Amino acid sequence: MANIINKFSLNGKKALVTGGGSGIGRAYAHALAEAGADVAISDINLDSAEKVSEEVNDLGVKSVAIKVDCSKIDDIKNMIDVVVKNWKRLDVAVNNAGISIWGDAHDFAIEDWDRVMDLNLRGNFLCAQQEAKIMIPQKHGKIIFTTSISAVMVNIPQFQISYSVSKAAEEHMIRCLAVEWIPFGIYVNGISPGAVYTPALETKELKEKVPIWEKLYPIKRLGEVEEFKGAVVYLASDASSFMVGHIMVIDGGYVLY
Ligand code: NAD
């Protein structure tokens, strides 16, 4: 029987993380690199992608930074072209880029609804579609999406209708893609975080909400980005060889209420 630790190894694998310049995506990039993969970092903010790419290089693997708007098909095609030009293949793709816009449903601007859907749902689908075009001829691949517990609960005290609906739809998209693509050897799964301490929480408006949210969690705190590293390596590696279309909830127990 193969040693279990070896099954988690990503030595020689080629990975891509979208929205890799910050927060959870940056932690994923570090995790995949620490497990041995070369990691392409794509982000709408090229400076932050380049910074994380340097950090990944310092971990002893190869990296490339790519500027992309994951809601735009031409950008997505370019992103995949850069990966294939550099590495000839793509073993692991983490579709992590996502945004949230808060607002009450009764006067939520349709432009904001579209912006959220265009990235979180449509954009992440387009990324997966382009990734599959590389992975189908390879006959293998791992595609991982970052969803959110907002897919199954209603955020309070702030309302996030478009975000919640985009993440709920993304979760069912994961199940559909998983069934359709497993015959090609492509594993599609998701990670669903609860609220996490990220640089985005540093704004005054968000800082005020943190103590309210902390009380809502059975664990009485939010997550740290490091706490998502194990899950992404598990889903990217051979250790998860029987996991198909699963949404891995990591939320300090929130959705158990
Ligand atoms: P973050 O804002 O720290 O990082 C998101 C990254 O995506 C940024 O670097 C940003 O520049 C990039 N980005 C934004 N729009 C983009 C676009 N159109 N194309 C490409 N890149 C783009 O956020 P995060 O908290 O690390 O979020 C990462 C994922 O985790 C998102 O999908 C988010 O919905 C999900 N999530 C976050 C939390 C949380 O509490 N932070 C909880 C649940 C789910």
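Quick note: structure is the one above.
About the thresholds
- Numbering of residues starts from 1 in each chain and follows the order in which that chain's sequence is written.
- pLDDT decides what is reported in this predicted model: residues at 70 or higher carry local features, side-chain atom pairs at 80 or more are listed and counted, and totals for whole chains, interfaces and linings draw on all residues regardless.
- To obtain the side-chain values, all non-hydrogen atoms of the structure were included, while hydrogens and water were left out.
- Surface patches are drawn from residues lacking salt bridges whose relative accessible area is over 30%; two like charges belong together within 9 Å, two nonpolar side chains (Val, Leu, Ile, Met, Phe, Trp, Tyr) within 5 Å.
- Methods summary: accessible areas were calculated by the Shrake-Rupley approach with a probe of 1.4 Å, and residue burial reflects only the protein chains presented.
- Each reported salt bridge corresponds to a side-chain nitrogen of Lys or Arg within 4 Å of a carboxyl oxygen of Asp or Glu.
- A positive count includes Lys and Arg, and a negative count includes Asp and Glu. His and the chain ends are not counted in either.
- In this description, the location of a charge corresponds to atom NZ of lysine, CZ of arginine, CG of aspartate or CD of glutamate.
- Strands are runs of DSSP state E lasting at least 2 residues, helices are runs of H or I lasting at least 4, and numbering of each runs from the N terminus.
- Residues are counted as near a molecule or strand when any one of their heavy atoms sits within 4 Å of it.
- Any N or O atom pair separated by 3.5 Å or less is treated as a polar contact, with the protein-specific requirement of one donor-capable and one acceptor-capable atom, and with residues adjacent in sequence counted only for side-chain atom pairs.
- Ten residue types, Ala, Val, Leu, Ile, Met, Phe, Trp, Tyr, Cys and Pro, are classed as nonpolar, four, Asp, Glu, Lys and Arg, as charged, and the remainder, Gly among them, as polar.
- Values of bend correspond, residue by residue, to the angle between axes fitted over the seven residues ending at that residue and the seven starting there.
- Exposure categories follow from relative accessible area, calculated using a 1.4 Å probe and restricted to protein chains: below 20% of the type maximum is buried, above 50% is exposed, and the middle band is partly exposed.
- Two residues form a contact once any of their heavy atoms are found within 4.5 Å.
- Pairing between strands is defined by DSSP: at least two bridges between the two strands are required.
- Orientation is described by lines fitted to C-alpha atoms, with helices fitted over the stretch in contact, and by angles between N-to-C directions that extend from 0 to 180 degrees.
- Pairing of aromatic side chains here covers Phe, Tyr and the six-membered ring of Trp, requires ring centres within 6.5 Å, and sorts the geometry by plane angle: under 30 degrees stacked, over 60 edge-to-face, intermediate tilted.
- In our convention, an over-ring charge means Lys NZ or Arg CZ found within 6 Å of a ring centre and within 35 degrees of that ring's normal.

Caption draft 1: Quick peek at a negative patch on the surface. On the surface, a cluster of negative charge is contributed by Asp47, Glu50, Glu54 and Asp58. The residue Glu50 is located in helix H3 (residues 46-58) in this model.

Caption draft 2: Geometry of the site of the ligand. Around the ligand there are 25 residues in total, and Ser22, Ile24, Asp43, Tyr163 and Val196 lie nearest to it. Within the backbone of Ile24, an N or O atom sits 2.8 Å from an oxygen atom of the ligand. Contact distances for the ligand include 3.3 Å between a nitrogen atom and a backbone N or O atom of Ile44. Within the complex, 84% of the 820 Å² of free accessible area of the ligand lies under protein. Counting only elements with at least two residues in the shell around the ligand, the list comes to helix H2 (23-34) and helix H6 (161-181). A per-class count over the shell around the ligand returns eleven nonpolar, eleven polar and three charged.

Caption draft 3: Inspection of helix H7 (residues 204-216) at higher detail. Roughly 35° is the biggest bend found in H7, and it falls at Val210, with proline Pro211 one to four residues downstream. Buried within H7 are the following residues: Leu206, Lys209, Val210 and Trp213. Residues of H7 that are buried make contact with strand E7 (196-197).

Caption draft 4: Examining the sheet that holds strand E1 (residues 14-18) more closely. As summarised here, the arrangement of the seven strands in space is E3-E2-E1-E4-E5-E6-E9, forming an open sheet in which the pairing is parallel. Lying at the two open borders of the sheet, with one neighbouring strand each, are strand E3 (63-67) and strand E9 (247-250). For this sheet, the mean angle separating the axes of adjacent strands, direction not counted, is 15°. As paired elements, strand E4 (residues 92-95) and strand E5 (residues 141-146) share four bridges and run parallel to each other. If you follow Ala93 over to E5, its bridge partner there is Ile143. Set on the sheet, H2 makes contact with E1, strand E2 (38-43), E4, E5 and strand E6 (186-193); between it and E1 the angle comes to about 170°. Its contacts with the sheet place H6 against E5, E6 and E9, and it is angled at close to 160° to E6.

Caption draft 5: Main features of the pattern of salt bridges. Within this structure, the stated rule accounts for ten salt bridges. For Lys14, the salt bridge identified is with Asp38, shortest N-O distance 2.6 Å. Separated by 24 residues along the polypeptide, Lys14 in strand E1 and Asp38 in strand E2 bring together distant segments of the chain. Classification of Lys14 as buried rests on a relative accessible area of 13%. Salt-bridge contacts for Glu227 lead to Arg221; the nearest nitrogen and oxygen are separated by 2.8 Å. For Glu227, a relative accessible area of 37% corresponds to the partly exposed category. On the accessibility criterion, Arg221 (29% relative accessible area) is partly exposed.

Caption draft 6: The arrangement of the packing of aromatic side chains in detail. Tallied over the entire structure, the rule returns four aromatic pairs. Relative to Tyr257, the ring of Tyr254 has its centre 6.3 Å away and its plane inclined at 50°; by these criteria the two rings are tilted. Relative accessible area serves as the criterion here: at 11%, Tyr254 is assigned to the buried category. Positioned above the aromatic ring of Tyr187 is the side chain of Lys142, whose terminal nitrogen or guanidinium carbon lies 4.3 Å from the ring centre.

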